[in-house]
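Structural overview for review
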Amino acid sequence: MRALSMLPPEDARGLVGLLFDLDDTVLSHGVLTREAYDAIWSLHDAGLRLVAVTGRPSGWGEVIARQWPIDGAVTENGAVHIVREGKGVALQFDGEANEVAERRARLDRLVETVAKAMPQVKLADDVHARRSDVAWDIGERERLEPSAVEELAALVVAGGARTTRSSVHLHATFERDDKASGAIRFVRNRFGDDAGAALHRWAFVGDSGNDAACFAAFRTTFGVENVRAYARVLSVPPRWIAPSKRGAGFAEIAKAIVSSRW
Ligand SMILES: [Mg+2]
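Residues numbered from 1 in each chain as written. Predicted model: local features only at pLDDT ≥ 70, side-chain atom pairs only at ≥ 80, totals over all residues. Heavy atoms only, no water.

It is worth spelling out the coordination of the magnesium ion at this point. Binding of the magnesium ion to the protein goes through Asp21 (OD), Asp23 (O) and Asp207 (OD), at separations of 2.0 to 2.2 Å. All donors of the magnesium ion come from a single chain, and their spacing in sequence reads D-x1-D-x183-D. Residue aspartate 21 is found in the loop between strand 2 (17–20) and helix 2 (34–45), and its partner aspartate 207 is found in the loop between strand 10 (202–206) and helix 8 (212–217); the two are separated by 186 residues along the sequence. (Donors = N, O, S within 2.8 Å, 3.2 Å for Na, K, Ca; no water. Helix = DSSP H or I, 4+ residues; strand = E, 2+ residues; numbered from the N terminus.)

Here's what the structure looks like:
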């Protein structure tokens, strides 16, 4: 990871778009600060295409794609895409409608299996806004013992689903994408950029372990300062690192990119 101040202006000038994580990258402990929102506007005004890439629900992505000056959102860790269209938004899934419905039905059966086997485990409070994955609360409003978390994870895997874990949620999904493959699929479908163009002409900003695929895939990657806490778990760290944490760091990255373009 090299200091953001060393970013060559030509690297920033070659970019057509910026992909960015939300939690603890743009958002500071869940809050969108004035400086972070200003930074999004300055990137927009500089002519960059902007796409949020998040593990958060597609229902949340629908809201920000309507309200923020962005082109869309890649949500649920790559699976569900929200594209701005006219005054509204359109949702895009991976595959035909019947395949998507079949994966969702398998997920619903898995939720029933878990509810029978572990009735004490509660779903996360944002599941109603999720379409392609499900999350159980292991540390947000509920406290689940580590042994119970392991039992839950084993049930998910036995059901054939893929599982990911954050500090507060354990997720299950039958989708194929991760954040990087989902972002590349979005850029291809929305802008016609092939994977090679996407990897070289779009940059990514993130902060943690679930951004690993994007840090490894994209040529120009940025971390906010708090990414240092995850340096050990990232096989490829971000190329550039901001001096400040969370939204303040995002604003520094935006400033470095925008100022290089004039
Ligand atoms: Mg994050």
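Moving on, we come to the packing of helix 4 (residues 97–117) against helix 5 (residues 146–158). Geometry of a packed helix pair, given as the angle between the helix axes and the separation of the axes. Helix 5 packs onto helix 4 with a crossing angle of 145° between their chain directions and a minimal axis gap of 10 Å. In this structure, the crossing between helix 4 and helix 5 has a hand that is right-handed. Facing Leu110, Val114 and Ala117 of helix 4, the residues of helix 5 in contact are Leu152, Leu155 and Val156. Class assignment of the residues belonging to the contact of helix 4 with helix 5 gives a composition of 6 nonpolar, no polar and no charged. (Axes fitted to C-alpha atoms, helices over the stretch in contact; angles between N-to-C directions. Left-handed = near helix turned anticlockwise from the far one by under 90°. Contact = heavy atoms within 4.5 Å. Nonpolar A, V, L, I, M, F, W, Y, C, P; charged D, E, K, R; others polar.)

The next subject is the sheet that holds strand 8 (residues 162–165). Here 3 strands make up an open sheet; going across it, the order is 7-9-8 and the pairing antiparallel. Looking at which strands have only one partner, the edges of the open sheet turn out to be strand 7 (133–137) and strand 8. Adjacent strand axes in the sheet meet at a mean angle of 20°, parallel and antiparallel pairs treated alike. Here strand 8 runs beside strand 9 (residues 169–173); their pairing, made up of 4 bridges, is antiparallel. By the bridge assignment, threonine 163 is partnered in strand 9 with alanine 172. (Pairing = 2+ DSSP bridges.)

Right, let's talk about the side chain of threonine 75 for a bit. Tracing the sequence through the fold places threonine 75 in strand 4 (residues 72–75). A relative accessible area of 0% places threonine 75 in the buried class. Engagement of the side chain of threonine 75 in a polar contact is seen with the backbone oxygen of valine 80, the distance being 2.8 Å. Contact partners of threonine 75, with chain neighbours within four places excluded, come to Thr54, Arg56, Pro57, Ser58, Gly61, Val80 and Ile82. (Buried < 20%, exposed > 50% of the residue type's maximum accessible area, 1.4 Å probe, protein only. Polar contact = N/O pair within 3.5 Å; in protein donor to acceptor, adjacent residues only side chain to side chain.)

None of the figures reported here should be taken as evidence of function without further support.
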